[in-house]
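Fold and geometry: a report
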Amino acid sequence: MNAITSIRQLWSGTPLVPAGSAEETASASGSIPAAELRQLNAAQPGASVSGVQPPETSFAGLLGQMVEGVNAKQGIAAQALQDLQGGQTVSLHQAMIAAEEANVSFQLMVEVRNRLLDSYQELMRLQV
Amino acid sequence: MLNIIPSLASTTAALDAESTRLEVISQNIANANTTRGPDGRPYQRQEVVFENALQQAKAANGAAPGLVAPQVASIQKDPRPGRSVYQPGHPDADANGMVQFPNVDIYEEMADMIVASRTYEANLAVLKNGRSMALQDLSIGKH
């Protein structure tokens, strides 16, 4: 069971179950949309169903969008610096601002990852 | 895309505008003694005119719509007459030996340059504050 699945289950109030039976339990209790679970458990055999689009609003989806956004900002900053070096019409402050924006976005992503990891470790310390 | 540092769009536009102003001032100072341009006339002092532009293009970039950012509206020539100096040996002297010099006043340009520099500095301070606000946001919840 991965951390995201665990956190979702904690949020929605269902008991922690072994990874194999997660889908059946959830669909039986009806508390977690099956499509989201399928997406979260996509790495596990038997859990993925073709033809179902994962919802954009799931946490994993948001995290993916965030990583893509940060990556795009890094690309923009690198391009700005490259243009500056190449003598294109990019001013120094534009390049620096792009780099700083990429820096802060990256720090935000690292913070989200830290929180996620903290939650996971908190779960691992849970007394059953 | 998310707008992570507040004030970014307006401040970037202001920095662009102020650096254009500094370019124009440097051109004025550099040509303070140019007595013949491509049209055969002495250099004429230029100045920038700023205008507000609705950030419609930048609103897609995450900034709040309805904000206005400065931008350079035009670079216009100063119509004031230049100074005349008596230099009969100068190749650009007229029949009376008078040479028309540009209407650039170095002291005025220096004052303008200080204004541009301070405005730039103020915008950088805004940017620094925006960055520090974003970084403080990131420390929410830390022990």
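Reading the values: rules and limits
Residue positions are given per chain, counted from 1 along the sequence in the order it is written. Working convention: letters from A go to chains and numbers from 1 go to ligands, in the order in which they are written. In view of the model being predicted, local features appear only for residues whose pLDDT reaches at least 70, and side-chain atom pairs are presented and counted only at 80 or more, with totals across whole chains, interfaces and linings using the full set of residues. Only hydrogens and water are removed before side-chain values are computed, so all heavy atoms of the structure are retained for them. Comment: elements are numbered from the N terminus, with helices defined as DSSP H or I runs of at least four residues and strands as E runs of at least two. Buried residues are those whose accessible area, probed at 1.4 Å on protein chains only, stays under 20% of the maximum for their type, while exposed residues exceed 50% and partly exposed ones sit between those limits. The contact definition used throughout considers only heavy atoms, calling two residues in contact when any of these lie within 4.5 Å. Shrake-Rupley sampling with a 1.4 Å probe provides the accessible areas, and residues are treated as covered by the protein chains on show and by no other component. Definition used in this section: a nonpolar core is a set of buried Ala, Val, Leu, Ile, Met, Phe, Trp, Tyr and Cys residues joined via side-chain atoms within 4.5 Å. By definition, the buried area sums, over both parts, the 1.4 Å-probe accessible area that each loses when the two are put together. Salt bridge, as applied in this entry: a Lys or Arg side-chain nitrogen positioned within 4 Å of an Asp or Glu carboxyl oxygen. Whenever two N or O atoms come within 3.5 Å, that pair is a polar contact, provided that in protein one can donate a hydrogen and the other can accept it, and provided that, for residues adjacent in sequence, both atoms are side-chain atoms. Residues are sorted three ways: Asp, Glu, Lys and Arg are charged, Ala, Val, Leu, Ile, Met, Phe, Trp, Tyr, Cys and Pro are nonpolar, and all the rest, Gly among them, are polar. The span you would expect from a helix comes to 1.5 Å times its residue count less one. Whenever a helix is involved, its axis is fitted only over the stretch in contact; in every case the axis is a line through C-alpha atoms, and angles between N-to-C directions fall within 0 to 180 degrees. In these notes the angle categories are as follows: under 35 degrees is roughly parallel, over 145 is roughly antiparallel, 65 to 115 is roughly perpendicular, and the rest is oblique. Left-handed describes a crossing in which the near helix is turned anticlockwise from the far one by less than a right angle; the clockwise case is right-handed. pLDDT measures the predictor's confidence residue by residue and takes values from 0 up to 100.

1. Quick word on the overall build of chain A
Along the backbone of chain A there are five helices and zero strands. Along chain A, from the amino end to the carboxyl end, the secondary structure elements read α-α-α-α-α. For chain A, the proportion of its 128 residues judged to be buried stands at 30%. Put simply, 43% of the contacts in chain A that link residues at least 6 apart link residues at least 24 apart. As displayed, chain A offers around 7,800 Å² of accessible surface, 58% of which is attributable to carbon and sulfur atoms.

2. Observations regarding the nonpolar core
In terms of nonpolar packing, the biggest core is built from eight residues, these being A:I97, A:V104, B:I4, B:I5, B:L8, B:L15, B:L127 and B:A134. Among the secondary structure elements, those contributing two or more residues to this core are helix 5 (92–124) of chain A together with helix 1 (8–30) and helix 3 (106–138) of chain B. Ignoring any residue separated from it by four or fewer positions in sequence, one finds B:L8 in contact with A:I97, A:E101, B:N3 and B:L127. Counting five residues, the second largest nonpolar core, distinct from the first, contains A:A80, A:A95, A:A98 and A:A102.

3. Some details on the interface of chain B and chain A
With 17 residues of chain B at the interface, the matching set in chain A holds 17 residues. Taking both sides of the interface into account, the surface hidden between chain B and chain A amounts to around 1,500 Å²; carbon and sulfur atoms contribute 69%. Counting the contacts that link chain B with chain A gives one salt bridge. Summed over the shared surface of chain B and chain A, the number is five residue pairs in polar contact (both at pLDDT 80 or more). Of all the secondary-structure elements, those providing two or more residues to the side of chain B that touches chain A are helix 1 and helix 3 of chain B. Take the side of chain B that touches chain A: its biggest share by element is six residues, from helix 3 of chain B. Broken down by class, the residue content of the side of chain B that touches chain A amounts to 12 nonpolar, two polar and three charged.

4. Things to note about helix 3 of chain B
Over its 33 residues, helix 3 of chain B runs 48 Å from end to end, which matches the ideal 48 Å to within 8%, given 1.5 Å per residue. Those residues of helix 3 of chain B that sit buried are B:E109, B:A116, B:N123, B:L127, B:G130, B:A134 and B:L138. Packed against the buried residues of helix 3 of chain B are helix 5 of chain A together with helix 1 of chain B.

5. A short note on the pattern of salt bridges
Taken as a whole and judged by the stated rule, the model has 14 salt bridges over all chains. One salt bridge connects A:E101 with A:K73, and the closest N-O pair in it is separated by 3.1 Å. One end of the pair, A:E101, is in helix 5; the other, A:K73, is in helix 4 (residues 59–85), with 28 residues separating them in the sequence. Taking the relative accessible area as the measure of exposure, A:E101 reaches 15% and is therefore buried. Linking B:D78 and B:R45 is a salt bridge whose minimum nitrogen-to-oxygen distance equals 2.8 Å. Of this pair, B:D78 sits in the loop between strand 2 (68–77) and strand 3 (84–86) while B:R45 sits in the loop between helix 1 and strand 1 (46–54); the two residues are 33 residues apart in sequence, bridging distant segments of the chain.

6. Considerations on helix 4 of chain A
All names here are of chain A. With 27 residues, helix 4 should reach 39 Å at 1.5 Å per residue; the first-to-last C-alpha distance of 39 Å fits that figure. Here helix 4 has its buried residues at G61, M66, G69, V70, K73, A77 and A80. Following helix 4 by one or two positions, G87 has its phi on the positive side, about 80 degrees.

7. Section: the environment of B:K128
All names here are of chain B. With respect to the secondary-structure elements, K128 resides in helix 3. The exposed category is assigned to K128, whose relative accessible area is 65%. Expressed as a C-alpha distance, the spacing of K128 and S7, which sit 121 residues apart in the sequence, is 10.0 Å.

8. A look at the packing of helix 4 of chain A against helix 5 of chain A
Residues and elements named next belong to chain A. The geometry of helix 4 relative to helix 5 is characterised by a closest axis approach of 8 Å and an angle of 155 degrees between their N-to-C directions. In terms of orientation, helix 4 and helix 5 fall into the roughly antiparallel class. As helix 4 runs across helix 5, the sense of the crossing is left-handed. On helix 5, the residues that touch F59, L63, M66, V67, V70, K73, Q74, I76, A77, A80, L81 and L84 of helix 4 are L92, A95, A98, A99, E101, A102, S105, F106, L108, M109, V112 and L116. Of the residues contributing to the contact of helix 4 with helix 5, the split by class is 20 nonpolar, two polar and two charged.

9. Considering the confidence of the model for chain A
All names here are of chain A. Put simply, chain A has an average pLDDT of 71, and 56% of its residues get 70 or more. Highest mean pLDDT in chain A belongs to helix 5 (90); lowest belongs to helix 2 (residues 22–29) (41). Across residues 13–32, confidence stays below pLDDT 50; counting only partners more than four residues off in sequence or on other chains, it has 28 contacts. Scored below 50 in pLDDT, residues 40–49 shows 15 contacts in the model against residues more than four places distant or in partner chains.

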